[in-house]
Protein chains: 8
Amino acid sequence: MMTTEEILEQVKAGALGIDEAAGMLKQQPFEDLGFAKPDYQRSLRTGFPEVVYCEGKEDAFLTAIVQKLYEKNGRVLGTRCSAHQADLVKAAFPETDYDPVSRTLILGTAPEATGNVAICCAGTADLYCAEEAARTAAFLGAKVTRVYDVGVAGLHRLLSRMEEITSANCVVAVAGMEGALASVVAGLVENPVIAVPTHVGYGASFHGLSALLTMINSCANGISVVNIDNGFGAGYLAAQINRLAVRGSSKST
Amino acid sequence: MMTTEEILEQVKAGALGIDEAAGMLKQQPFEDLGFAKPDYQRSLRTGFPEVVYCEGKEDAFLTAIVQKLYEKNGRVLGTRCSAHQADLVKAAFPETDYDPVSRTLILGTAPEATGNVAICCAGTADLYCAEEAARTAAFLGAKVTRVYDVGVAGLHRLLSRMEEITSANCVVAVAGMEGALASVVAGLVENPVIAVPTHVGYGASFHGLSALLTMINSCANGISVVNIDNGFGAGYLAAQINRLAVRGSSKST
Amino acid sequence: MMTTEEILEQVKAGALGIDEAAGMLKQQPFEDLGFAKPDYQRSLRTGFPEVVYCEGKEDAFLTAIVQKLYEKNGRVLGTRCSAHQADLVKAAFPETDYDPVSRTLILGTAPEATGNVAICCAGTADLYCAEEAARTAAFLGAKVTRVYDVGVAGLHRLLSRMEEITSANCVVAVAGMEGALASVVAGLVENPVIAVPTHVGYGASFHGLSALLTMINSCANGISVVNIDNGFGAGYLAAQINRLAVRGSSKST
Amino acid sequence: MMTTEEILEQVKAGALGIDEAAGMLKQQPFEDLGFAKPDYQRSLRTGFPEVVYCEGKEDAFLTAIVQKLYEKNGRVLGTRCSAHQADLVKAAFPETDYDPVSRTLILGTAPEATGNVAICCAGTADLYCAEEAARTAAFLGAKVTRVYDVGVAGLHRLLSRMEEITSANCVVAVAGMEGALASVVAGLVENPVIAVPTHVGYGASFHGLSALLTMINSCANGISVVNIDNGFGAGYLAAQINRLAVRGSSKST
Amino acid sequence: MMTTEEILEQVKAGALGIDEAAGMLKQQPFEDLGFAKPDYQRSLRTGFPEVVYCEGKEDAFLTAIVQKLYEKNGRVLGTRCSAHQADLVKAAFPETDYDPVSRTLILGTAPEATGNVAICCAGTADLYCAEEAARTAAFLGAKVTRVYDVGVAGLHRLLSRMEEITSANCVVAVAGMEGALASVVAGLVENPVIAVPTHVGYGASFHGLSALLTMINSCANGISVVNIDNGFGAGYLAAQINRLAVRGSSKST
Amino acid sequence: MMTTEEILEQVKAGALGIDEAAGMLKQQPFEDLGFAKPDYQRSLRTGFPEVVYCEGKEDAFLTAIVQKLYEKNGRVLGTRCSAHQADLVKAAFPETDYDPVSRTLILGTAPEATGNVAICCAGTADLYCAEEAARTAAFLGAKVTRVYDVGVAGLHRLLSRMEEITSANCVVAVAGMEGALASVVAGLVENPVIAVPTHVGYGASFHGLSALLTMINSCANGISVVNIDNGFGAGYLAAQINRLAVRGSSKST
Amino acid sequence: MMTTEEILEQVKAGALGIDEAAGMLKQQPFEDLGFAKPDYQRSLRTGFPEVVYCEGKEDAFLTAIVQKLYEKNGRVLGTRCSAHQADLVKAAFPETDYDPVSRTLILGTAPEATGNVAICCAGTADLYCAEEAARTAAFLGAKVTRVYDVGVAGLHRLLSRMEEITSANCVVAVAGMEGALASVVAGLVENPVIAVPTHVGYGASFHGLSALLTMINSCANGISVVNIDNGFGAGYLAAQINRLAVRGSSKST
Amino acid sequence: MMTTEEILEQVKAGALGIDEAAGMLKQQPFEDLGFAKPDYQRSLRTGFPEVVYCEGKEDAFLTAIVQKLYEKNGRVLGTRCSAHQADLVKAAFPETDYDPVSRTLILGTAPEATGNVAICCAGTADLYCAEEAARTAAFLGAKVTRVYDVGVAGLHRLLSRMEEITSANCVVAVAGMEGALASVVAGLVENPVIAVPTHVGYGASFHGLSALLTMINSCANGISVVNIDNGFGAGYLAAQINRLAVRGSSKST
């Protein structure tokens, strides 16, 4: 695609008619602005390939989109992918790596793992969400350290693994029920903590609302929160932060 | 007051008319039932003297009720007592001990402190509530250990005082914001933990709702919760549990 | 495991190298602190054996953990255990005692029942939760008195059983719908009341929220609340309080 | 005003033009329907005089409307009336009866008190609302029995006054905090109970929401609920029910 | 059972020993108090026979309790009764009248219908709840007028039936979604209106919460509210009010 | 400002350098897109002049912005304007028209009133909001018909004014408390109804939440809702709809 | 049916008796009022034929009502229609047009499409709701422009289609999750925007509550909101506004 | 302080007694663990000096703590600082830089600004919060780019400044009302976005809850949320992320 300057040059040179040039400028306004690109260029813009949210996608549509992205990007991550959907993709691509716990599907070779992201979770019941975060971060190029089953009701389990946690560029803390893990972790590390509330719990946990409120009210510094069960979002964000740490500011001079 | 048996004896003996006896039985039904007593006997029933909730009480009424209870019980605890109300009582009883932080007022000599109740709070902003619990428990006979400013965002502060906490018969954990202190404490002790959410915080703390939900969803064992800012309730309950530990089962044979 | 002092003695005596000693101290930091122990020693720390929360555990994992705890502790309590899970355990241990109402599973001989815990519930619909509390407390060594179907809409049912209730070291009050039972009971006894809201109800009961709010706002003294449907939590706490009453303060001199 | 039939008669007789008659019928459609009347006839329609909700009304408007209603109906009830507003009315009508607790203002002689309405409240803090109900019911012709300070945390206080309560045609139960009074009362009487939650409480009482939920979820029969602090609404409804009991069905043959 | 006076007479006469008399008085305390009776006498106390809430009751228990009440009272009302449960009862009592819409089951001959209760509902989707109210009120002796499908979005439907509504002693207004029916009706009648929110709706109706709030905030006089979907409660209350209108004050002199 | 085509023409003609042209295109990207304009052209884009939300604006800033808009557009509407702020503006422009009820301030001559917008409100307490809507719609060119104090609890008041309401192009229905007015109106008219909940009420009105839910759940067709107390938003939207009715589709051929 | 005037004429002429005339006037009160008509005339009153909400309607009733409306109006729209229900209708009318995505069923020939309504939706998951709006608006006579999958997270998708959106008389913006689409659209167009929150999302979307709140709080002008998932309501309202734009004010002189 | 190894060496050498060594190890357990340090070393651990939350701190305490930190760290940041508190500090340190908008107080020379953090806010009303974030990030060493008043209702304002935004290592997006800014920004940048809801708004904004829900449900990637009005938290987190970008992974090899 031509830049604004190139179009203008061609207009000046008479190689491009006024109407044609105006049409190009109006059809692709964001090329002019220099920050937005068509979706098939998302990988260029964000540095990360597009991810497929499988839930609710019809069979034919899902396999088509997976195939298309696989061809273009050489690898694909699918989240919230059911066993049935995984089978569909496997039929087409036997090399598919499907994890039923996190319900994530990965095609293609992982990039080299760099930096370090620690994924902590409070209990084994939160594993589905922690693994979604872990596999997402790994797919996006981060080296991942898993620190599972370290809920605050048995504090020594967490403390005995602090060295692994403090050495990460970014920590993801996954917890349901009262969600206290994130505050405790954030009080012990110097890098950002991304808190993920899960729906794990019952009664007044209100399907994750309690954990969400706990985390959003944390008195610790350096903590922020994503949606309930949004392991993907946390993994994505962790990979962004980790990338900054690894390669430094992308646009600084 | 006569027991049912005594009334019946007197009826049988002709010393009491049928109507008179029936009236007595009906006027005092709960003496018959053996478990409820008029309020001036509450101290006998619960073993604790009545406490005055000062908020909203008019001046004349407040001083009257304080005076009456002081005369009968020899000591009085007033909670949610304003500085103005404290001045009123002090005018009548210069020996009044008023604490503006917890807004509690105490008259009379404390009973001998027995057992051990630990009162923990997360931050200095929660002190008003922790002190209400502490002074209530002390008023009701418990030896109190204060462990303040031990919020989980600086975990070592809490851990360095665990010996004091684990040796208590009962622990009160006071916290606002995300309220994670209670879970962490309950995971480290063997005796009951009473969690008190405070209204301390802002934004999505919703005036203590966040801390309340955190505590009620705790994944630790041996923890229960009282109302937001209810330091009095926690102190009362702690004193009950401490009393059981000190004197043993009151009614077991 | 050696204590800190023992390690130091051996270092002094040259029986242990510096590095080896430092490693031991760092690997087992909580032994040093004197309050936290590895999980397999939880029974030593809290005096109560670990309990298995069965819900969501996979078949193989569940049977493995039950077997392991059974071997170590000689007895096991499983909560939120489905009929299918119970069948699995029974296949391995025919002596399994499974109660489908409370969905609790017990293996091994109960300890001698001591003290007295009263479990009250408002209606027959709350029985599942009351029984979870009752069987938990019994498993942890408490003598349990069941006082069921004593909701406040038929007050005489409750009043006629007050003698049993008032003689307990601790009362658990289980109720759904408007949850008023806890307040009424707490107004009549001298020992602690643990209130358990249940999800029983419909419409504006909001799956137990109404009962939870009722209980947390109780105007009676000596009452605290656990999560909706958390019969286990109430039973555990009641057993803790009962134990204090029976054996006295564990750490007082 | 003419009835439909009278208008038709006059049309037939030529005494009324078609257009004029059509206009009258259209301007007063509800006279035709026989159930709705202009507001100054509300007293005829409902049998109760209109009541003035004073809050937010400007001084001049308030005195004007009070004067107008006083002239027409011979008596006036004003609710949520501030001391300042009461002074304004008193300046014009020295015979004004203003009660600062319930913030109600009454002008004119009360009708003969008939039947019996019992107004119960849980604590002295709920008095403002109970008195609003009591004075409203009395203004509307009901004999009122006040049964105050009978909260369920001291059950004997309530039970000792049941005879007064059970003999009423309708019971109003006013309570804040956990609001359990209504359920207990409804379980003991045979006539309707109107429950009024108050905003009294703190923390998780959420300004009366807790008491409202308690009451709306009551497991007792014969209970219904009005808005938080709506003593007027409860008194009005109680007077309606009491009137039905006193005079019988107004429209049955 | 003897009254207190009769027992005392016998004691005086020597026909009853002191211990025996005391035992009788203590075993039956509520006979003494004159307001509470054992459950099998509920019909005497409230004037209405006990009703069976079928939901969740086990088969054997349900048929047993229905049979027992049928024998004693000659008639039975069961609410929230499933088709399966109805079949069970029909097998034992072929004369069972089961209505699948309201899920109510009735055994025995209805009492003579007296007075007049109007049951209004907004849409056909609310019928299940309106019929529960209607059949309950009829079972308890009220003549019932059904005014269905009169939602406020088509106001003329309601207005064309006002004569039936205004002639009732009590009106039940059943509505889901925005629940505006109750306010409109209460503005047009002189007798009490009982509002029943239903769970009918979607989205922000929040399963009936919206209708509940609408009704509880009604600006009309003479309106009160029961729980979401509580047609039984409304029918019961309507029958109480209707009975007062028919027979007058039960206890007035 | 030049259009894209004009810029290209000048580039082609050599009248504009490439860099200069590219800069113009990039600085004003939305001129290219043909739908967005700089703010000072908002009046051109939307056909309505910009409105000043006064609340929270500092004195100097407020007077400056009012003056600037007055000069450019010849007229100004200020909303949520305090008396103090109005005085400031009046000092500069004595011709200011300030209405303390709606807290709106208007400068300049109104445009010719066209079409017809009906503004209804339920009670006099809602007037502040209804007037904000009315004055906004009038400022934006709509003829406004005020139909006030027509709450559904006195239905005849509303019905007697239906002719005025049905003849409007758009109806704004303003109500607090239970907010039923909107549904009733929408059931009677053929044109759109904009519902505005107000914060008027107490207790469970939750500052307008109840009315908002009522309106959003309306079972009537042709109704939509704006924020609580957002009279401005409703007036703006009504003026948009009215304008469409008056001038027809702006862009149809 | 005769008008009021015709009835009066006949009364005057002696052709109609007084009683008969009065009966007619009372039976049809709303003919007199000139704004309300029996339901089978709804099409005349609102200009739109009645629509069938299929959900929950029983088979026989549904087919009967569809047939009846088809015969009278020549066309029928059914919403929330299940596949099973669609099959029933197809069996009777093979020409039935059923769309399983929007769950709408249409019988009869569409009216000529006039004006222009743009339906935007944020993601493909919101399609069910957008299509319900689109098909409803089309059924009611509006020309519909679909602008799908233009969520704000990929802003260029929306901006590239602004020309289609800005040329519409009314825009429907459908979005779940955070629902930001409506604000962005409303900031770019001059005509009304109707926002429809969907239940699409998870966790703290609370089944559409989040999107509803986003939309109701929009800082853009000219936006109003319907219930969660209420595509029908939005389509209906859009058709009303579009009709006003096409035909101008229906009642202006 | 000695390390574990040094202590052991001294024990071995006999320079330290066993008891003394054990005491040291137990008093300083976290030195052993290698990750937690006393608070006065927080600056060392997190790389950022401690910050003073001024709200609620008493005058004497505030000035003391500011002085102490100033002496130790050479600079101090105080947040939520009232004008009165600022005056107190200024009296002691005239060089105090106090900003009344953000209510932040800064003492000491800022570190060299590195990297780039962009702070966006939707409206001028959100400035207080954006400035708190900006001044916090700057205090902690980040170069800050302010992009204010770029709410989505006037999209071109945001788009015209995208170049500044996309070049930042981290973007903070501050918005009240519907809070849509964060989603739009996150869809346009490649680095992390920290969303800060503010309490700005009215009605159904529920003091920031609406904006919080919008942000937590964002469909854009790379976004996380802090508490309502928590500008400090966002600034802190942004500085952490920016530091990682500037200096790279702190602990990678």
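Procedures and definitions
- Along each chain, residues carry numbers from 1 onward, in the same order as the chain's sequence is written.
- To read the labels, note that chains go from A and ligands from 1, taken in the order they are written.
- Local features in this predicted model are restricted to residues of pLDDT 70 or higher, and side-chain atom pairs are both shown and tallied only at a pLDDT of 80 or more, whereas totals for entire chains, interfaces and linings draw on every residue.
- Only hydrogens and water are set aside when side-chain values are computed; all heavy atoms of the structure are taken into account.
- As used throughout, domain bounds are those supplied by an automatic or database domain assignment.
- The quantity reported as buried area is the accessible area (1.4 Å probe) lost by two parts once they are put together, taken as the sum for both.
- The term salt bridge refers to a side-chain nitrogen of Lys or Arg lying within 4 Å of a carboxyl oxygen of Asp or Glu.
- For this analysis, a polar contact is any N or O atom pair within 3.5 Å, provided that within protein one partner can donate a hydrogen and the other can accept it, and provided that sequence-adjacent residues contribute only side-chain to side-chain pairs.
- Helix and strand assignments come from DSSP, with helices taken as H or I runs of at least 4 residues and strands as E runs of at least 2, each series counted from the N terminus.
- Under this grouping Gly is polar, as are all residues other than the nonpolar Ala, Val, Leu, Ile, Met, Phe, Trp, Tyr, Cys and Pro and the charged Asp, Glu, Lys and Arg.
- Three labels apply to residues, based on accessible area from a 1.4 Å probe with only protein chains included: buried if under 20% of the type maximum, exposed if over 50%, partly exposed otherwise in between.
- Charged-residue counts in this description rest on Lys and Arg as positive and Asp and Glu as negative, His and the chain ends being excluded.
- Here a residue-residue contact requires only that any non-hydrogen atoms of the pair lie within 4.5 Å.
- Like-charged residues are merged into a patch within 9 Å and nonpolar side chains (Val, Leu, Ile, Met, Phe, Trp, Tyr) within 5 Å, provided each residue has over 30% relative accessible area and no salt bridge.
- Residue-level accessible areas treat just the shown protein chains as cover; the underlying method is Shrake-Rupley with a 1.4 Å probe.
- Where a charge sits is defined by one atom per residue type, namely NZ (Lys), CZ (Arg), CG (Asp) or CD (Glu).
- The copies were overlaid by least squares, fitting only the C-alpha atoms of residues that reach a pLDDT of 70 or more in each copy.
- For this text, the term disulfide refers to a pair of cysteine sulfurs within 2.5 Å.

Let's talk about the domain arrangement of chain A
Residues and elements named next belong to chain A.
In step 1: Taken domain by domain, chain A holds domain 1 (28-107) and domain 2 (114-248).
In step 2: The C-alpha-based centres of domain 1 and domain 2 are spaced at 25 Å.
In step 3: For the pair domain 1 and domain 2, the summed buried area comes to about 1400 Å², and 62% of that belongs to carbon and sulfur atoms.
In step 4: Scanning the region where domain 1 abuts domain 2 turns up one salt bridge.
In step 5: Of the charged contacts, one joins Asp97 and Arg135 as a salt bridge, the two residues approaching to 3.3 Å between their closest N and O atoms.
In step 6: Here domain 1 and domain 2 share four residue pairs in polar contact (both at pLDDT 80 or more) between them.
In step 7: Broken down by secondary-structure element, the contributors of at least two residues to the side of domain 1 that touches domain 2 are strand E2 (76-79), strand E3 (97-99) and strand E4 (104-107).
In step 8: Considered class by class, the residues forming the side of domain 1 that touches domain 2 number ten nonpolar, five polar and four charged.

Things to note about the side chain of G:Glu178
In step 1: Inspection of the secondary structure assignment puts G:Glu178 in the loop between strand E7 (170-175) and helix H10 (181-186).
In step 2: Although G:Glu178 lies buried, it forms no salt bridge, and the closest oppositely charged side chain, G:Arg157, sits 9.6 Å away as judged by the N-O distance.
In step 3: A polar contact of 2.3 Å, which involves the side chain of G:Glu178, links it to the side chain of H:Ser183.
In step 4: Excluding residues within four positions of it along the chain, G:Glu178 makes contact with G:Ser210, G:Ala211, G:Thr214, H:Ser183, H:Thr214, H:Asn217, H:Ser218 and H:Cys219.

So, a negative patch on the surface
In step 1: A surface patch of like charges, here negative, comprises A:Glu6, A:Glu9, F:Asp19 and F:Glu20.
In step 2: Looking at the negative patch, the elements that each hand over two or more residues are helix H1 (4-12) of chain A together with helix H2 (18-27) of chain F.
In step 3: Since its relative accessible area comes to 49%, F:Glu20 is described here as partly exposed.

Overview of the pattern of salt bridges
In step 1: Going through the model one piece at a time under the given rule, you end up with 56 salt bridges over all chains.
In step 2: Three or more residues are tied together by salt bridges with common partners; here these are A:Glu190, H:Arg243 and H:Arg247.

Notes on the relation of the copies chain A and chain H
In step 1: After a rotation of 180° and a shift along the axis of 0.0 Å, chain A superposes on chain H with an RMSD of 0.2 Å. In symmetry terms, the pair is related by a two-fold rotation axis.

Regarding the environment of C:Ala173
Residue and element names in this part refer to chain C.
In step 1: By the secondary structure assignment, Ala173 is in strand E7 (residues 170-175).
In step 2: Ala173 gets classed as buried once you look at its relative accessible area, which sits at 0%.
In step 3: As a C-alpha pair, Ala173 and Cys120 span 53 residues in sequence and 4.9 Å in three-dimensional space.
In step 4: Once residues within four sequence positions are removed from consideration, Ala173 is found in contact with Cys120, Leu181, Ala182, Val193, Ile194, Ala195, Val196 and Met215.

Observations concerning the state of the cysteines
In step 1: Evaluated as defined, the whole model comprises zero disulfides over all chains.
In step 2: The thiol sulfur of G:Cys129 is not disulfide-bonded, and the nearest other cysteine sulfur, from G:Cys121, lies at 8.8 Å.
In step 3: Not part of a disulfide, H:Cys219 finds its nearest cysteine sulfur in G:Cys121, a span of 12 Å.
In step 4: The class of H:Cys219 is partly exposed, set by a relative accessible area of 33%.

Side note on the environment of H:Arg75
All names here are of chain H.
In step 1: Residue position: Arg75 is located in the loop between helix H5 (59-73) and strand E2 (76-79).
In step 2: According to the relative accessible area criterion, Arg75 is buried, its value standing at 13%.
In step 3: With near-sequence residues (within four places) excluded, Arg75 lies in contact with Pro49, Leu69, Tyr70, Leu107, Gly108, Thr109, Pro111 and Phe139.
In step 4: Within the structure, Arg75 has its side chain in polar contact with the backbone oxygen of Phe139 (distance 2.8 Å).

Some details on the environment of A:Lys72
Residue and element names in this part refer to chain A.
In step 1: Take Lys72: it is sitting in helix H5 (residues 59-73).
In step 2: Relative accessible area serves as the criterion here: at 42%, Lys72 is assigned to the partly exposed category.
In step 3: Sequence separation between Lys72 and Ala180 is 108 residues; the distance between their C-alpha atoms is 42 Å.

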